[in-house]
Structure formats: structure tokens, C-alpha cells
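Geometric and topological summary
In case you want the letters, here they are:
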Amino acid sequence: MLTLNMPIAALLNQWQQQGVLTSLDRHFAIELSKLESQHAQTDELNALFLLICALLSQKLSNQHTCLVINSIDLANPMGENIHGYHADKPSSCCQINITHGQLLTTLCQFDAVGSSGDNKPLILDLGRLYLNKYHHFEINVAAKLRQLASHSFSPDINITRDYLTMLFPAETTTRQQPVLNWQKIATATALTKALAVITGGPGTGKTTTVTKLLLLLLTQSPLTLRLVAPTGKAAARLSESIKASKARLLQQLTSANDGSEANNVLISALNTLPEEASTLHRLLGVIPQSHQFRHNKTNPLRLDLLVVDEASMVDLPMMHKLLDALPSHARLILLGDQDQLASVEAGSVLADMCLGLKANAQESSIDPWFMRYSQQQAQLIEALTGNNVSQYQLPSQASNTHIASNMTDTTEQQLSSFGDSLCMLRHSHRFAGDAGIGRLANAVNQGDIAAISAVWNHGYNELHWYEHQHVQQQGKDQLVDFSVSVYRPYLEMIQYNQKVFTEALSLDDNESPEQNTAIYTANQIIDSFNQYRLLCAMRSGEFGIDGMNASLTLGLQQAQLINPNQEFYLGRPIIIQSNDYNLGLFNGDIGLILQDEQQPSRLMAHFIQADGSLLKVLPARLPKHDSCYAMTVHKSQGSEFDTVGFVLPQQPSTSQWQLLTKELVYTAITRAKNHFYCLGNQRVFERACKQVTHRSSGLGQRLWG
Ligand SMILES: Nc1ncnc2c1ncn2[C@@H]1O[C@H](COP(=O)(O)OP(=O)(O)OP(=O)(O)O)[C@@H](O)[C@H]1O
């Protein structure tokens, strides 16, 4: 059954030394394997069980939610030689000598392994091995999402069509073929379903669309609706986007005002549309020192409709808690970009929800995505929008029946209805069609190396490349110099304030200041700081956030913009690394050390909260934090900057290669609104773009088959 060239415990140590298992993985696997009654099994079976626990543990620490048994490489289960570019010689000391089918059967014989519904520590279901809690989350999330997706609404066709026509005036096009208005289709889709997923890349109009959608829903009946996002920064951005979108819509409706009742109804509904967004944590009600929230199944949220932006950042446990707390009558609208990095914690919920939209070869050779509407939904969309989406219609429900037969708790109707809740927006209105950032993001997203080279070689103004130099540090030095120049404005604002405060202090009570003593507000300084961010693919090393923060601190000091002679110096940017519910600070929050306006001799950490208000905290009270001239791409999700610098490692180590993925590069590029600077080398950039993240999960199959 197993070939091992040393005892399994020694192998675990070796794998830890090679970096394919972390020390935590190894300990977790050992503890997990103790759940099996060892005395009842042979040594070989015990060794197999420990090996499987180690594989599961490795998967969980890489944010997968399960171990797919069929995907285990039986000849080299731990994948010793496949992770690194500079791989060590394979040691080939571990092989499983049974088939995947036999392995599944063998696993069923372990006492610690149960099947769906069993109260066992490990659950084997759909050919996947789960920790019981992740299986429970996945089953619950799939059931709730399917239930929501199967809940339909029938808006009045004539009235809704007229409103949709007013909100989405016909677009002028020079093309022969009528162009589908995906924003209008997405709105119609969401009007008819209790679950709506509106996905698309940056600037494709998700917020614009949801604003129009909410407006239409408000014309139908009064609603208690809430807007949320996973982080404070993302919530603040959502608020800003909704405000901007409302203003544009008001202008559109006012200028098109024909005095009709419909127009007036829309304008007055627009005034009632809330703009404030909060974080998911705040919505659910944090209980200090607890993983539970105040709102849950027994104390559901008091709302009729919930909009969740940046849904790609929502992990499986959080989605489970959110869906549990959603009242049964409520609608749920998820907005996000399924191509971005998956959530920091386990799972890839949004990507799994969009899994069924992956086009097959016959459907499209250029567009990787394809809608899947039922015949009934396609007809309804056409009636409401005048857009014919029959080419995106499911050929027949029979195509899904092989899946349904594998899934006893899934009805065919639920499967087919899931695609009816989804819509993908394709056209970015943020980047002009010929703009470099949009082009580069698209090429990276497609993993199209030739297109990526063509974009870089084109010489777009908004794209800048710094090459890593092997001998000299020229590339890095150039990026540091550039970063110093773009951080200069916020630091000069701080220096100006400091001068004004000092002058004011030096005046006698009777003297009045000669010059204008107006100072820059904390909000203005933080806004200026947020124009630029240096993003790193890695945490550690010279080209990770540790190294780049150190280089930038030195560069800024040499430019006499900062004086880092103490831990909390004026102008130091801080990123919070753990939640502090009492202070109201959360992992990923970013603030600046500034003089307190009320008491300038005192330095305070200043943070802008989701509602736009300023939070001031004594530096000594800050929870775990770090400097943040440079931050990881992961932490930048949900944020956007005018200019982004992106740093790839020069010679990635074995474990670093695993983290360099297409999604990481795409997320870094799409954080930039106007300029993208990259420090790297072609080999690393291209190889990262070819590496696609795949998170093992059963959610996609439970939703789509
Ligand atoms: N149909 C449209 N025609 C012209 N401009 C549009 C259209 N839809 C959206 N826009 C513009 O594109 C920009 C981005 O729109 P919006 O903020 O709705 O996109 P988004 O997908 O929510 O972006 P983000 O990536 O920030 O989440 C806005 O300036 C908006 O005015």
C-alpha cells in the first residue's frame, strides 16, 4: 500500500526541512492523526492515515478547504519536486501503491472519517476529504445560495421595461450587430432573483449598475437595505462610488426630465438611496474575544436587502456566518471581480460561484466566460431589456443531470436556476480601450504571454518597467527614488503643518500670526498619501515588504522628508495587523502618525474609517502593526491608488514561486488607476502570469456540478 524509505514521522520532518510542509502543518497533521484509534489499524494503515492528514493539513494552510483525493500524485504525494523552480532532487521516498478508488475505499474504513452528516472529525464527500467544520460551512453555504437563487420575483414587465429604458438609454454603436447592454441585463437579472451576483473587472460599472438596480427596487416598495464590504477601506470606497454614481444618475435623470411621472418617481427614489457602507464585521456585530457575531441564525439581521462589495475577499467561514444571519425573506447582491486574488482565508467563494460561467472550447476561443441562463430567464431578460441573450441559454437541462445524479440533495431545478442569478460585466469604462493598464490587465488575466510582451513593448505612457540588475541595484534604486518623489507631497504637507504649529507655539498670547496659519487636515494628508502605494508580491527578503519598507525609510530620510529617530515618527504610515474591537481597528487598516490638531505636541495615529470619520489613537495603544510605505498585494485588495509600484522578487525561492500567480499580478495591476510601475524581470513576470491559482473546494460542484 505504501512505499517509504524511512518512518513516516521522519519523512514529515524531512518535508518540513524541504519547505513543502510548515512546522504548523506537521504538528496539525500529527494531532489530527491521533483522532484515529491507532491500535485498531496496522502500522501501514496508520502511516497512510498520517500521510493523508499531512496532505490535508498542507492544503488547509494554503487556503484550500479540502483535499481532492483524485488529485493526489500517488507517485509523489507531497509534491516534493514540483514546487520550486530551483527544485531539489526528488527524494522519491514516499509512494502510495493503490489506485485513487482504492484509496477512497481505504479512507472510509478509518474510524475518524465519516460521510456527509456524520459527527466525525474528518468527512469524505464528493471525493474530497474535509475537516468537519469546513464541510459544514461548504454544505451550508451551497444550500443557502441555491435556496436564494431558486427564489424568483416577477416584476411588472411593462413598468420595469420603461424604467430600464430610462436608466439605460440606448448606446450608440457603429457596429452592425446590436451590442448587448450587460449592465442593463445585470439589472434585470438581479430584479428577478433573490440572489444576484454581478461580477466584472475594475471599472466595468458594478457600482453604477447596482445603484440603478437599488433605485428600481426602491420604486417597487420601501426597503431596509445595507451596503457592506469586507474591509474598512473597501467600505469607504463603496460609499464614495455610490455617492458618485447617485450624482451622475441624478444629472442623467434631471437632464432627461420629460415631466413624466416615471422620471419623478425615479428622482425621488434616488434621494432615499443610502450611501453609507460599513464593514461585514460591523454589520454582523462583533463580540469581543469571540469568533461569533451578535447576528446569527437565531438573531438575524434586520434588513430586506444586502449588497456586499468586493465579494472575492469574503472567505468561506465568513460567507457561512453572513448567510446564516440573513433573514429568510432578504435579497442578497454580491459584487466583485472573480479574477482577483481569492480571500486571504480559506476558500474561493466568488470564484466558485462563477465557476459554471467558464466557457468551453466550442463556446468561445477568445472570451473565457459564458453566461448560462435558463430558457425562461433568457426570455424574461429579453422582455425586460430588449436584449436577446438566447446565445447564452443553456442548451437543455439534461446537460446538468449527470451532476444532479451525484448530488442527492440537489434538485435539477436548483442547478439550472443558479446561472440565472449571475451576470458578468465585460467592458471597462475606467480604462480607455487603448489604455495600457487595461490592456496589460486583460493580457495577464488571459495568461497570454505574447499579448503581455506586446503591451510592455508598445511604450504606453502609464506603464513603466524597472529591470532587476544582477550586479548593481539600479532597478531597485530607480523605483525607490521614484517612490520617494511620489510620497514627497504628503510628507511636505506634514512638514508645512509642523512649521505652522511651531510658529504658533512660539508666539506670545498677545501676538497674532503674520502668515496664514491654515493647516492641511488629516483627511487631506491621508488622501495625498493614498495617491501612491508600493505593492510587493512577497513579505520577506530584500524585495518583499520588509526590505522595501527599509529601503524607502532610508530613501525618505536621506531626502529629509522623515526623521525616523523614534518608533512613532511624524509621517510614518502604519498598517494594522490584528483586530482590536475595542479601539475599532481591524487587520489591514492603514493610518498615519500625525500631530494632533488639538494638541500639536502630541503625535497620534490617524485613521479614516469606513464612514469617512477620523479615528485618532495614541501610538502606544496600537495593536500589532507595521510600517506601510510598501504593503503586500493581498492587503491592497479593495483599495485603489492613482499610481502603483509593484515589486517582484529577483530570484524567487522554492516557496515564493508558489505565491507568484496570475491573480496576484492582475490584482496588483488593477489597483492602479493611472500609472503602473513594475520592478522585476521578464522571466519571473511571465512565469507568474502562467501560474493560475486553484483552490480545492467542493462549492463549485455543489452549485454547478
Ligand atoms: N455605461 C457606462 N457608460 C459610460 N461610463 C460608465 C458606464 N458605466 C460606468 N461608467 C463609468 O465608469 C467608471 C467606473 O464605474 P463603476 O464605479 O460603476 O465601476 P465598478 O465596476 O464599480 O468599479 P470598481 O472596479 O471600482 O469596483 C465610472 O466613472 C462610471 O461613471
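Residue numbers run consecutively from 1 along every chain, following the written order of its sequence. Note on the predicted model: pLDDT of at least 70 is required for a residue's local features to be given, and 80 or more for side-chain atom pairs to be given and counted; whole-chain, interface and lining totals, by contrast, use all residues.

Averaged over the protein chain, the pLDDT score is 87; the fraction of residues at 70 or greater is 90%. What pLDDT conveys is the predictor's confidence in a given residue, as a value from 0 to 100. Residues are treated as contacting if the C-beta atoms built from their backbones sit within 7 Å of each other. A low-confidence stretch, residues 82–88 (pLDDT under 50), is modelled with 12 contacts involving residues beyond four sequence positions or located in other chains. Low confidence marks residues 398–412, where pLDDT is under 50. Its contacts with residues over four positions away, or in another chain, come to 15 contacts. Two numbers describe this predicted complex: its pTM, 0.85, and its ipTM, 0.97.

To continue, consider the UniProt feature "binding site: ATP" (unreviewed entry) in the protein chain. UniProt positions are given in the numbering used here, feature names are shortened, and annotations may be inferred rather than shown by experiment. In the numbering adopted here, UniProt assigns the feature "binding site: ATP" (unreviewed entry) to Gly 200, Gly 201, Pro 202, Gly 203, Thr 204, Gly 205, Lys 206 and Thr 207. We count a stretch as a helix when DSSP gives it H or I for four or more residues in a row; a strand needs E for two or more, and each element gets its number in order from the N terminus. One can find Thr 204 in the loop between β7 (195–200) and α8 (206–220). Here a residue counts as buried when 20 or more other C-beta atoms sit within 10 Å of its C-beta, as exposed when there are 12 or fewer, and as partly exposed otherwise, the C-beta atoms being derived from the backbone. The exposure class of Thr 204 is buried, given the 22 C-beta atoms found within 10 Å. Not counting residues up to four positions away in its chain, the partners in contact with Thr 204 are Leu 425, Arg 426, His 427 and Ser 428. Secondary-structure assignment places Thr 207 in helix α8. Exposure remark for Thr 207: the 23 C-beta atoms within 10 Å place this residue in the buried category. Setting aside anything within four residues of it in sequence, one finds Thr 207 in contact with Ser 241, Ile 242 and Ser 245.

Now for the site of the ligand. Among the 14 residues in the neighbourhood of the ligand, the closest are listed as Pro 202, Gly 205, Thr 207, Thr 208 and His 429. Among the secondary structure elements, those contributing two or more residues to the shell around the ligand are α8 and α9 (232–255). Each residue belonging to the shell around the ligand can be placed in one class, and the counts come to one nonpolar, 10 polar and three charged. We call a residue near a molecule or strand if the C-beta atom, set from the backbone, is within 6 Å of it. Residues are grouped as follows: Ala, Val, Leu, Ile, Met, Phe, Trp, Tyr, Cys and Pro are nonpolar; Asp, Glu, Lys and Arg are charged; every other residue, Gly included, is polar.

Another aspect to go through is the sheet that holds strand β8 (residues 225–229). The six strands are arranged β9-β8-β10-β11-β7-β12 in an open sheet whose pairing can be described as parallel. Each of the sheet's edge strands pairs with one partner strand only, and the pair in question is β9 (277–279) and β12 (422–425). Averaged over all pairs of adjacent strands, the angle between their axes in this sheet comes to 20°, without regard to strand direction. At least two DSSP bridges between two strands are needed for those strands to be called paired. Strand direction decides the pairing type here: β8 and β9, joined by three bridges, are parallel. Note that in β9 the partner of Val 228 across the bridge is Ser 278. To define axes, lines are fitted to C-alpha atoms, for helices over the stretch in contact only, and angles between the resulting N-to-C directions are given on a 0 to 180 degree scale. Here α8 sits on the sheet in contact with β7, β8, β10 (305–308), β11 (331–336) and β12, set at roughly 155° to β7.

Axis separation between helix α6 (residues 157–167) and helix α14 (residues 375–385) bottoms out at 7 Å; the angle between their running directions is 60°. Here α6 is positioned oblique relative to α14, judged by the angle of their axes. In this structure, α6 uses Ile 157, Thr 160, Arg 161 and Leu 164 to contact α14, whose residues at the interface are Ala 383, Leu 384 and Thr 385. A per-class count over the contact of α6 with α14 returns four nonpolar, two polar and one charged. These descriptions rest on fixed angle ranges, namely under 35 degrees for roughly parallel, over 145 for roughly antiparallel, 65 to 115 for roughly perpendicular, and the rest for oblique.

Turning to the sheet that holds strand β18 (residues 614–617), a few remarks are in order. Strand order in the open sheet formed by five strands is β18-β17-β16-β15-β19, with antiparallel pairing between adjacent strands. Among the strands making up the open sheet, the edge pair consists of β18 and β19 (625–627). With strand direction ignored, the average angle separating the axes of adjacent strands in the sheet is 35°. Examined bridge by bridge, strand β15 (residues 573–576) and β19 share three bridges and lie antiparallel to one another. Within β19, the position partnered with Ile 576 by the bridge is His 625.

It is worth spelling out the packing of helix α17 (residues 436–446) against helix α24 (residues 662–669) at this point. Where α17 meets α24, the axes come as close as 9 Å, and the angle between the chain directions of the two elements is 170°. In terms of orientation, α17 and α24 fall into the roughly antiparallel class. Residues Ile 437, Leu 440, Ala 441, Val 444 and Asn 445 of α17 lie in contact with α24, whose contacting residues are Lys 662, Val 665, Tyr 666 and Ile 669. Its residues placed into classes, the contact of α17 with α24 shows seven nonpolar, one polar and one charged.

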